[in-house]
Amino acid sequence: MSGTPIRALAEIQARAARTSRYQRRVHHERPRPAERPVIRLWLPLTALFLLLSPFAFLLLIVAVFVPWPRGVSPLDAVLTVGRVLMSLGGTEIDVQAPDALVRLKIV
């Protein structure tokens, strides 16, 4: 600091302006991600299969009496749907909402 108090004040203000410009530039270059809550859910397929199994048997009984186009077997159709559902195990689904991040894991 040299000279008069007015000159010293001008130097302090100039230094503050340089510092604030640098801080604004650094913060604009690397924006900080917004902290959103993460909601983790899991869906056990075994329990779901146990709950839905009576309906699958009813559907199979109904499917036997309904005529199927192009020679598709009702048993093959039910088994194919079961195979698709069984292959879902281990699937992880991420849903990004504006307020939260939802992660669903199918077990």
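Preceding this section is the structure that the text describes.
Residues numbered from 1 in each chain as written. Predicted model: local features only at pLDDT ≥ 70, side-chain atom pairs only at ≥ 80, totals over all residues. Heavy atoms only, no water.

**Q** Where do I start with the overall build of the protein in this structure?
**A** Each helix and strand counted, the protein has three helices and three strands in total. When the elements of the protein are put in sequence order from the N terminus, they spell out α-β-α-α-β-β. Expressed as a percentage of its 107 residues, the buried residues of the protein come to 7%. When the accessible surface of the protein is summed, it comes to about 9400 Å², and 67% of that surface belongs to carbon and sulfur atoms. (Helix = DSSP H or I, 4+ residues; strand = E, 2+ residues; numbered from the N terminus. Buried < 20%, exposed > 50% of the residue type's maximum accessible area, 1.4 Å probe, protein only. Areas by Shrake-Rupley, 256 points an atom, 1.4 Å probe, with all protein chains shown as cover.)

**Q** Teacher, can you tell me more about the environment of Thr80 here?
**A** Assignment of secondary structure puts Thr80 in helix α3 (residues 74–86). Engagement of the side chain of Thr80 in a polar contact is seen with the backbone oxygen of Asp76, the distance being 2.7 Å. (Polar contact = N/O pair within 3.5 Å; in protein donor to acceptor, adjacent residues only side chain to side chain.)

**Q** How should the sheet that holds strand β2 (residues 92–96) be read in this particular structure?
**A** The strands that make up a sheet are held in pairs by hydrogen bonds between backbone atoms, and each pair lies either parallel or antiparallel. Sheet architecture is open: three strands sit in the order β1-β3-β2, paired in mixed fashion. The outermost strands of the open sheet, each flanked by one partner alone, are β1 (38–43) and β2. This sheet shows a mean twist of 15° between the axes of neighbouring strands, independent of strand direction. Across five bridges, the pairing between β2 and strand β3 (residues 101–106) is antiparallel. Note that in β3 the partner of Glu92 across the bridge is Lys105. (Pairing = 2+ DSSP bridges. Axes fitted to C-alpha atoms, helices over the stretch in contact; angles between N-to-C directions.)

**Q** Can you help me understand the layout of surface pockets in this one?
**A** Empty space among the atoms can be located by rolling a probe the size of a water molecule over them. Size it by volume and the largest pocket reaches roughly 530 Å³. Around the largest pocket sit 19 residues that line it, and Ala56, Val78, Val81, Gly82 and Leu85 are the ones nearest its centre. Going through the elements one at a time, α2 (45–65) and α3 are the ones with two or more residues in the lining of the largest pocket. Looking at the lining of the largest pocket residue by residue, the class counts come to 16 nonpolar, two polar and one charged. (1 Å grid on protein atoms, 1.4 Å probe; cavity = no way out; pocket = protein on both sides within 12 Å on 5 of 7 lines; lining within 4 Å. Points joined across faces, edges and corners; volume = space filled by probe spheres on them. Nonpolar A, V, L, I, M, F, W, Y, C, P; charged D, E, K, R; others polar.)

**Q** Before we go on, may I ask you to explain the pattern of salt bridges in this structure?
**A** Note on pairing: side chains with opposite charge can pair once their charged atoms come close. According to the stated counting rule, one finds two salt bridges in the structure shown. Among the salt bridges present, the one from Lys105 reaches Glu92, with a minimum N-O distance of 4.0 Å. Of this pair, Lys105 sits in strand β3 while Glu92 sits in strand β2; the two residues are 13 residues apart in sequence, bridging distant segments of the chain. By relative accessible area, which is 59% here, Glu92 ends up exposed. With a shortest N-O distance of 3.6 Å, Arg103 and Asp94 are connected by a salt bridge. (Salt bridge = Lys/Arg side-chain N within 4 Å of Asp/Glu carboxyl O.)

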